[in-house]
Amino acid sequence: VEDTLLDGRFCDNPLVLGEPRVRFYAGIPLSVDGVYHIGSLCVIDTRPRVPTDTQLEQLRRLARAVEGLFLAHRAAVSANEALIDARTQRHEAERREKLLQHVETMAAIGAWRVDVGSGEVICSDQVRRIYDVPEGYALAYDRAIEYYAPEDREMVRAKVGHAIETASHFHFEAGL
């Protein structure tokens, strides 16, 4: 708007009639989704003006930069929330693991799980005590099955295989 006093949208605006006595206005709507406008980036002056094409292009570029800052801020907030959620989940998993260790020790039982990607068996402390293997001992799945009584091995394989296929848990009791 080259002269706000001559434009019906601005001529009775308090910012035109009173302080700061806006006489020139150029604005670019701001959007972070291309649909909804969240505001505008504006340039005002107290004198009427005719902006150049270069000045208007600079204003458009500056508006895109502001939109980029909004998007970057939103991404940073989302990333921070995801980090907080991951930390909370990790702490909860650690708490559950400690509780499980206490229960295993008190009941003289153990638990193990299979890392499906590597095939490695992750044993609880109590299982390592039962099998008399050192901490950090990497146990392959096939080797872990051999710790069970021969008559129970197929049942163990079937239970574990079903759990892997269905992404569910399993429970059984078997002899060593």
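A brief look at the structure comes next.

Next up on the list: the pattern of salt bridges. Note on pairing: side chains with opposite charge can pair once their charged atoms come close. Under the criterion given, the structure shown has 12 salt bridges. Note that Arg 21 is salt-bridged to Glu 19, the shortest N-O span being 3.9 Å. Put simply, Arg 96 and Glu 92 hold a salt bridge, and the shortest N to O gap is 3.3 Å. Taken together, the residues Arg 96 and Glu 92, both in helix H2 (residues 53–107) and four residues apart, mark about one turn of the helix. With relative accessibility at 54%, the residue Arg 96 sits in the exposed group. Through salt bridges with shared partners, a single ionic network connects Glu 57, Arg 60 and Arg 61.

Given a rise of 1.5 Å per residue, 14 residues ought to cover 20 Å, and the 20 Å separating the end C-alpha atoms of helix H5 (residues 153–166) matches this to within 8%. Buried within H5 we find Val 156, Val 160 and Ala 163. The buried residues of H5 occupy an angular sector of 60° when projected down its axis, which confines them to one face. Turned more than 90 degrees away from the buried face of H5 sit Glu 154 and Glu 165, all of them exposed. On its buried side, H5 packs onto strand S3 (112–114) and helix H4 (141–145). One or two positions beyond H5, positive phi appears at Ala 167, with a value near 55°.

Analysis parameters
Residues numbered from 1 in each chain as written. Predicted model: local features only at pLDDT ≥ 70, side-chain atom pairs only at ≥ 80, totals over all residues. Heavy atoms only, no water. Salt bridge = Lys/Arg side-chain N within 4 Å of Asp/Glu carboxyl O. Helix = DSSP H or I, 4+ residues; strand = E, 2+ residues; numbered from the N terminus. Buried < 20%, exposed > 50% of the residue type's maximum accessible area, 1.4 Å probe, protein only. Expected span 1.5 Å × (residues − 1). Arc of directions from axis to C-beta. Contact = heavy atoms within 4.5 Å.

Take it as geometry only, folks, not as evidence of what the structure does.
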